[in-house]
Amino acid sequence: MRLDITIPVICLALAIAPAALAQHDHGAGHDGHAGMAGSAEPAQFVSAWTELKSVRDAIAKLIETGKLAEVHNQAERLAPLGEALKAGTKDLSGEKRVRLEATLRQLAELGKSLDKAGDAGDSAATSRELKRLDGVIALIQAQYPVDLLPTVPAPRAKPAEHGSHAHTVRPLAAVDDAPKATLVVKSAEFKFEPKLLAMTAGVPTRIELDNEGAIDHALIVAAPDGKGDWIHLHAMAKASDSGTFKIDQPGTYPVLCTIAGHTEAGMVGELVVR
């Protein structure tokens, strides 16, 4: 009887051992960049995330000290880090995965633009691209479960004056009048097209936000007194939102996408009311 029990136990141990050894080997040898782009392990995602934050801080320090020619060495690390972070997206739901992958694609572009601005010795342009990088970092963090990024602070809260993006509050300039003009604005990842919008004071204008991007975007024009939004549109990915608005006060007003990180990433424009 003892022999009958021992043999199955030995067989079970032999069956488990190779899997355990394989798991051990898989976790070994991950030093620096090696293997990160080919694995979706949370620990490796956090490693790439931590390195991304380090690269961001290094670029900020170079800008602060005027060593713009050295930005190149840090900027060229952004594209590989984007690929490493992309490897962890399988842990996300379908919608969040699409959003994060679209955001991560911006890292390669930012690497090139930071490199170009640094090589040109253009401090203003380099600082502007750094703000875009900050926006992308905020977006990455917003998509990932908090427990996968335990070493970083919580995402920055949205400005309170802009309220919710769910249209719970009617925009102050919204009207039920029949529109006498139409303005179509296209949005993609971190840009409006056109960036300069124009309306005529006192004329009801239908504004359509056509989102061609892979993540949500908003079009916000805040009231000058800070007590609400004159215009507030929010379009889901590959969708649109619209409304009719009338502004009586001529002037030039900022147009923002106030979804966390988007303004910082450069998604801004201007509305001229003539």
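Residues numbered from 1 in each chain as written. Predicted model: local features only at pLDDT ≥ 70, side-chain atom pairs only at ≥ 80, totals over all residues. Heavy atoms only, no water.

Peer 1: Can you walk me through the overall build of the protein in this structure?
Peer 2: The helix and strand inventory of the protein stands at six helices and nine strands. For the protein, with 274 residues in total, the buried portion stands at 42%. Restricting the contact set of the protein to residue pairs at least 6 apart, pairs at least 24 apart contribute 69%. In the form shown here, the protein has an accessible surface area of approximately 14,400 Å², with 57% of it arising from carbon and sulfur atoms. (Helix = DSSP H or I, 4+ residues; strand = E, 2+ residues; numbered from the N terminus. Buried < 20%, exposed > 50% of the residue type's maximum accessible area, 1.4 Å probe, protein only. Contact = heavy atoms within 4.5 Å. Areas by Shrake-Rupley, 256 points an atom, 1.4 Å probe, with all protein chains shown as cover.)

Peer 1: Would you mind showing me how to read the side chain of H234 here?
Peer 2: Tracing the chain through its elements places H234 in strand β6 (residues 229-235). A distance of 3.3 Å separates a polar atom in the side chain of H234 from a polar atom in the side chain of D216. (Polar contact = N/O pair within 3.5 Å; in protein donor to acceptor, adjacent residues only side chain to side chain.)

Peer 1: Sorry if this is basic, but what is going on with the nonpolar core here?
Peer 2: Generally speaking, soluble globular proteins have nonpolar side chains that are buried together. Counting 33 residues, the largest nonpolar core has L52, I59, L78, L85, L107, L133 and I140 as its most contacted members. For this core, the secondary structure elements donating two or more residues are α2 (42-65), α3 (71-75), α4 (78-86), α5 (94-119) and α6 (123-143). Those residues in contact with L78, other than ones at most four positions away along the chain, are L52, V55, L107, L110, G111, L114 and L133. In this structure, A174, L233, C257 and V273 belong to the second largest nonpolar core, which totals 27 residues. (Core = buried A, V, L, I, M, F, W, Y, C linked by side-chain atoms within 4.5 Å.)

Peer 1: Would you mind showing me how to read the sheet that holds strand β4 (residues 205-211) here?
Peer 2: Reading across the sheet, the four strands line up as β2-β1-β4-β7 and stay open at both edges, with mixed pairing between neighbours. The open sheet has two edge strands with one neighbour each: β2 (191-193) and β7 (240-245). For this sheet, the mean inter-axis angle between neighbouring strands, taken without regard to orientation, is 20°. Inspection of the sheet shows strand β1 (residues 181-188) paired to β2 by three bridges, in the antiparallel sense. In the strand pairing of β2, S187 is matched with F192. (Pairing = 2+ DSSP bridges. Axes fitted to C-alpha atoms, helices over the stretch in contact; angles between N-to-C directions.)

Peer 1: Looking at this structure, I do not really get the environment of A117. What am I missing?
Peer 2: Counting through the fold element by element, A117 comes out in helix α5. Relative accessible area serves as the criterion here: at 8%, A117 is assigned to the buried category. Ignoring any residue separated from it by four or fewer positions in sequence, one finds A117 in contact with D122, A125 and T126.

Peer 1: How do you make sense of unusual backbone geometry when you look at a structure like this?
Peer 2: For residues besides glycine, phi is generally negative; the peptide bonds are generally trans as well. With omega at 0°, the peptide bond leading from E193 into P194 counts as cis. Here P194 lies in the loop between β2 and β3 (196-199).

Peer 1: Help me out: how do you make sense of α5 in this one?
Peer 2: What sets the pattern is the α-helix's 3.6 residues per turn: residues three or four places apart point alike. Taking 1.5 Å as the rise per residue, α5 with 26 residues should run 38 Å; its terminal C-alpha atoms sit 39 Å apart, in good agreement. Maximum bend of α5: about 25°, positioned at E109. After α5 finishes, the residue G121 shows a positive phi value of roughly 70°. (Expected span 1.5 Å × (residues − 1). Bend = angle between axes of the 7 residues up to and from the residue.)

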